[in-house]
Amino acid sequence: MFDRKSETPEIRDAVSELLLGMRLRGARYWRLRLSPPFGINFHAHDGARFHFIGQGEALLILPQMAPRLMKAGDAVLIPRGHPHQLLSGSRVTSRDFDSFTPETLCPAFCEIKACDSQACRTGDTTILTGAMELDLVTMHPLVGLMPQAMTVGALLDRQPEMHAILSAMETEMAQDRPGSAGVLARLADVISALIVRGWVECGCDSASGVITALRDPRLARVLVALHKDPGRDWDIPAMAGLMGASRSVFSDRFSEIVGVSPSRYVTELRMRIAAQWLEQEGSSVADVAFRLGYGSQAAFTRAFRRVIGVSPGRQRRRSLVQAAG
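These remarks concern the structure in this document. (Residues numbered from 1 in each chain as written. Predicted model: local features only at pLDDT ≥ 70, side-chain atom pairs only at ≥ 80, totals over all residues. Heavy atoms only, no water.)

**Focus: the overall build of the protein**
Broken down by element type, the protein carries 12 helices and 12 strands. For the protein, the proportion of its 325 residues judged to be buried stands at 50%. Counting only contacts in the protein whose residues sit at least 6 apart along the sequence, the fraction spanning at least 24 positions is 72%. On the protein, roughly 15400 Å² of surface is accessible, and the fraction owed to carbon and sulfur atoms is 50%. (Helix = DSSP H or I, 4+ residues; strand = E, 2+ residues; numbered from the N terminus. Buried < 20%, exposed > 50% of the residue type's maximum accessible area, 1.4 Å probe, protein only. Contact = heavy atoms within 4.5 Å. Areas by Shrake-Rupley, 256 points an atom, 1.4 Å probe, with all protein chains shown as cover.)

Given below as structure tokens:
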């Protein structure tokens, strides 16, 4: 775990660089108003799911995890979109989320009402649910290391600022004010980022060699430099010089802690960034190759195909087709 009292500037910068690479892309939100008994099935999703309980409570059911009772003010991020359920009780009948008919309130925000018109509204359960792509561009392997579900409960003591944001979300959920949809979406984005930051600062469950490296000020200095300027000519002498060690000592230490050689790390980092630029910015293959320090497009293409599995041209065309569709 990161001890804030003993953090060096290098460690704080390294964590900041990691989080600067995080984006929530393609986020869509739904506000649910449900009368118990209710049950909702969320099928596997190619991305992350977010839930916030604004009123009432719901039982979160995930495979290989004990059921978790979520109450008003509680939030959970399911980073890899595992199938799960939200239930008002353990023995209720459930239906697929996609079977509900939503009402569009504004772009990327809808409302679903499945409540008893004769019942008192104070007995309803209100839930904000979101679907998004959790994009940790420069630290993509971290997504695969995340637990099935990441809740705010364990983070509130460490990140007291979350109390105010969660309280604001409760208020917005209770008051159907103009613009509340946009406010809720932005607050949910912030809470999701804080959940990820809390997990990173707590050491990612001690599952990642990168996090171990970030605890070492000399290695953290190298990682920060790589992330800030991935297109620089990063050879072993340059990286060893930043660490203040010989080439052999640096290479051995980096490989032992991070789990891959320095050269492989640099290449994989560049290719993940390249994939983002090709997909989201629509940059040309030649431009991306130049920005990442490759002397020839052919060398860049070979590296991209080896790491990503397809050619950069195909990756770019695929993203353009998806955007057009």
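**Here's the deal with the nonpolar core**
In this structure, Leu226, Phe250, Tyr265, Leu292, Phe300 and Phe304 are the most contacted members of the largest nonpolar core, which totals 35 residues. Residue assignment for this core shows that the elements contributing at least two residues are α5 (209–214), α6 (217–228), α7 (236–243), α8 (247–258), α9 (262–281), α10 (285–291) and α11 (297–308). Here this core gets nine residues from one element, more than from any other, and that element is α9. Other than its neighbours up to four places away in sequence, Phe250 contacts Leu219, Val222, Ile236, Met239, Ala240, Met243, Ala245 and Pro262. (Core = buried A, V, L, I, M, F, W, Y, C linked by side-chain atoms within 4.5 Å.)

**Looking at the environment of Leu214**
Within the fold, Leu214 resides in helix α5. Under the relative-accessibility criterion, Leu214 is labelled buried at 1%.

**Examining the sheet that holds strand β4 (residues 57–61)**
One open sheet accounts for five strands, arranged β5-β4-β7-β2-β8; its pairing is mixed. A single partner strand is all that each edge strand has here, and the edge strands are β5 (68–71) and β8 (95–96). Taken together, the three bridges between β4 and strand β7 (residues 84–87) define a ladder with antiparallel strand orientation. Bridging from a neighbouring strand, Ile61 pairs with Gln85 of β7. (Pairing = 2+ DSSP bridges.)

**Quick word on the packing of aromatic side chains**
Counting across every chain of the model gives six aromatic pairs. With a centroid separation of 5.8 Å and an interplanar angle of 50°, the aromatic rings of Phe300 and Phe304 are classed as tilted. On the criterion of helical spacing, the pair formed by Phe300 and Phe304 is a turn pair, its members being four residues apart in helix α11. Residue Phe300 is classed as buried on the basis of its relative accessible area of 0%. The lysine or arginine in question, Arg95, covers the ring of Phe100, its NZ or CZ lying 3.8 Å from the ring centre. Positioned above the aromatic ring of Trp234, the side-chain terminus of Arg232 is 4.2 Å from the ring centre. (Phe/Tyr/Trp six-rings, centres within 6.5 Å; stacked < 30°, edge-to-face > 60°. Lys NZ or Arg CZ within 6 Å of the ring centre and 35° of its normal.)

**Notes on the pairing of β4**
Relative to β5, β4 runs antiparallel, the two being bridged by four bridges. Residue pairing across strands places Leu60 opposite Arg68, the latter belonging to β5. With antiparallel pairing between neighbouring strands as the criterion, β4 and β5 make up a hairpin whose turn holds six residues, including Gln64 at a positive phi of roughly 65°.

**Examining the packing of α6 against α7**
In helix packing, the relevant descriptors are the interaxial angle and the interaxial distance, both defined with respect to the helix axes. Where α6 contacts α7, the two axes come as close as 8 Å, and the packing angle between them is 130°. In terms of axis orientation, α6 runs oblique to α7. Remark: the crossing between α6 and α7 carries right-handed chirality. Two secondary-structure elements touch here, α6 through Arg218, Leu219, Arg221, Val222, Ala225 and Leu226 and α7 through Met239, Leu242 and Met243. (Axes fitted to C-alpha atoms, helices over the stretch in contact; angles between N-to-C directions. Parallel < 35°, antiparallel > 145°, perpendicular 65-115°, else oblique. Left-handed = near helix turned anticlockwise from the far one by under 90°.)

**Side note on α11**
Its 12 residues place the ends of α11 16 Å apart at the C-alpha level, agreeing with the 16 Å of an ideal helix rising 1.5 Å per residue. Two residues or fewer after α11 comes Gly309, characterised by a positive phi angle close to 100°. (Expected span 1.5 Å × (residues − 1).)

**Some points on unusual backbone geometry**
The step from Pro36 to Pro37 runs through a cis peptide bond, and the omega angle for that step is 0°. You can see Pro37 is positioned in the loop between β1 (22–34) and β2 (39–42). Located in the positive-phi region is Gln64, a residue other than glycine, with phi close to 65°. Checked against the element boundaries, Gln64 lands in the loop between β4 and β5. Gln64 gets classed as exposed once you look at its relative accessible area, which sits at 80%.

**Examining α6**
The terminal C-alpha atoms of α6, which comprises 12 residues, lie 16 Å apart, in line with the 16 Å expected from a rise of 1.5 Å per residue. Residues Leu219, Ala220, Val222, Leu223, Val224, Ala225, Leu226 and His227 constitute the buried set of α6.

**As for the pattern of salt bridges**
Tallied over the entire structure, the rule returns six salt bridges. The partner of Arg33 in a salt bridge is Asp124, and the shortest N-O contact between them spans 3.5 Å. With Arg33 in strand β1 and Asp124 in the loop between β10 (109–114) and β11 (125–136), this pair connects stretches of sequence that are 91 residues apart. In this structure, Glu268 engages Arg264 in a salt bridge whose closest nitrogen and oxygen atoms are separated by 2.8 Å. (Salt bridge = Lys/Arg side-chain N within 4 Å of Asp/Glu carboxyl O.)

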